Amino acid sequence: RFSEAIKHYHKTLALDPNWTRAYYELATALTRSGRRQEAQHYRSLFKQHSQTPQEMADDGFTAQDDLLKARQSLAGLLVDAADLVQAKAQNNQILALLQQAVTLVPSDQGTRKRLAAHYRALGRFQEALAECEQIARLAPHEATCQMLIGSLSLQLRLYAKAESAFKRMIKLAPEGSVGYRELARIYLETGKHLAQTQSLAQQAVALEATAENYFLLGRAHHRNKNTDAALKALQRAVQLDPHNPGYQRIYQQLRVGK
């Protein structure tokens, strides 16, 4: 609402002609409303009233500040545009808008998360992983980001990177079961550190007694040749999720095989 802003800045300067910040903001509002000749006049007055560059910086309204505001505003418009075209499933356009928004404000975690999610939805896991790694640099203490890095790394068969991410997740969120469960799953898939899979799976069950965690515990016991313990854990998984055919099948196979 530039016309209203201009009116109030004029009133400000009528009350106090030495209010330096008002000259700068008035010039900016005039520029954005297309009144460039008037804007130049007030920009010149702003320079006259500004004694030193340091004072301008202390005032908080330097040209750099204005550029940052403009970039943030444009990034917000790009994200809003992405919302509008998402309903039409215009994936390429959504992607381009989000990429531009991230370029304008690289530190905006929310936009980066949306871009990562869009990459993932398109099956572009490498780009999604790269975005998640950027977010992790911006928010090194965010456990969810480590979970996404681990999950995407597994899809790309980058087991060492996935292992590192889930270890980091356990440190950041030791009260959650996901890190323990997924780390145990990696060791089962790769055949590494099989002795640790039992303790990791047991920790996951202790934190969250879900069917998924019990099923993993059963697999861990089975790989370590603890058949009785495996059957007990698998049976509990079946009890918690009786409609899961995978749990039923593995449990019956192991029971018959015994």
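Residues numbered from 1 in each chain as written. Predicted model: local features only at pLDDT ≥ 70, side-chain atom pairs only at ≥ 80, totals over all residues. Heavy atoms only, no water.

### Overview of the packing of helix α13 (residues 211-223) against helix α15 (residues 245-257)
For the pair α13 and α15, the least separation of the axes is 11 Å and the interaxial angle reads 30°. The pairing of α13 with α15 is recorded here as roughly parallel in orientation. Considering how the two elements wind past one another, α13 and α15 form a crossing that is left-handed. Of α15, the residues touching α13 (which contributes Ala211, Glu212, Phe215 and His222) are Gly246, Tyr247, Ile250 and Leu254. Residue composition of the contact of α13 with α15, grouped by class: 5 nonpolar, 2 polar and 1 charged. (Axes fitted to C-alpha atoms, helices over the stretch in contact; angles between N-to-C directions. Helix = DSSP H or I, 4+ residues; strand = E, 2+ residues; numbered from the N terminus. Parallel < 35°, antiparallel > 145°, perpendicular 65-115°, else oblique. Left-handed = near helix turned anticlockwise from the far one by under 90°. Contact = heavy atoms within 4.5 Å. Nonpolar A, V, L, I, M, F, W, Y, C, P; charged D, E, K, R; others polar.)

### Notes on the packing of α13 against helix α14 (residues 227-240)
Relative orientation of the contacting elements α13 and α14 amounts to 160°, with a least axis distance of 8 Å. In this view, α13 runs roughly antiparallel relative to α14, as classed from their interaxial angle. As for how α13 packs across α14, the hand of that crossing is left-handed. Side by side, α13 and α14 meet where Ala211, Tyr214, Phe215, Leu217, Gly218, His221 and His222 of the first sit next to Ala229, Ala230, Ala233, Leu234, Arg236, Ala237 and Leu240 of the second.

### Focus: the packing of aromatic side chains
Counted by the stated rule, this structure contains 2 aromatic pairs. Centroid distance Tyr24 to Phe46: 5.0 Å. Interplanar angle 55°. Geometry classified as tilted. On the criterion of sequence distance, the pair formed by Tyr24 in helix α2 (residues 20-32) and Phe46 in helix α3 (residues 36-49) is long-range, its members being 22 residues apart. Classification of Tyr24 as buried rests on a relative accessible area of 4%. Assessed through its relative accessible area of 5%, Phe46 is described here as buried. Between Phe215 and Tyr247 the ring centres are 4.6 Å apart and the planes differ by 25°, which places this aromatic pair in the stacked class. Separated by 32 residues along the polypeptide, Phe215 in helix α13 and Tyr247 in helix α15 bring together distant segments of the chain. Using a relative accessible area of 11% as the deciding quantity, one classes Tyr247 as buried. (Phe/Tyr/Trp six-rings, centres within 6.5 Å; stacked < 30°, edge-to-face > 60°. Buried < 20%, exposed > 50% of the residue type's maximum accessible area, 1.4 Å probe, protein only.)

### Quick notes on unusual backbone geometry
One non-glycine residue, His193, lies in the positive phi region at around 50°. Looking at the element boundaries, His193 is found in the loop between α11 (178-190) and α12 (194-207). The exposure class assigned to His193 is partly exposed, which follows from its relative accessible area of 39%. Positive phi, normally seen in glycine, also occurs at Lys225, with a value near 65°. Within the element layout of this structure, Lys225 appears in the loop between α13 and α14.

### Focus on the nonpolar core
Counting 32 residues, the largest nonpolar core has Phe166, Leu183, Ile186, Leu200, Tyr214, Leu217 and Tyr247 as the members making the most contacts within it. Sorting the residues of this core by element identifies α9 (143-155), α10 (159-172), α11, α12, α13, α14 and α15 as the ones contributing at least two each. The contacts of Tyr247, once residues within four sequence positions are left out, are Ala211, Glu212, Phe215, Ala237, Val238 and Asp241. Counting residues in each nonpolar core, the second largest holds 16 residues, with Tyr119, Ala128, Leu129 and Ala165 among its members. (Core = buried A, V, L, I, M, F, W, Y, C linked by side-chain atoms within 4.5 Å.)

### Considering the confidence of the model for the chain
Per-chain confidence: the chain averages 85 in pLDDT, with 83% of residues scoring 70 or above. In the predicted structure, residues 52-60 sits below a pLDDT of 50 and forms 7 contacts with residues beyond four places in sequence or in another chain. (pLDDT = per-residue confidence, 0-100.)

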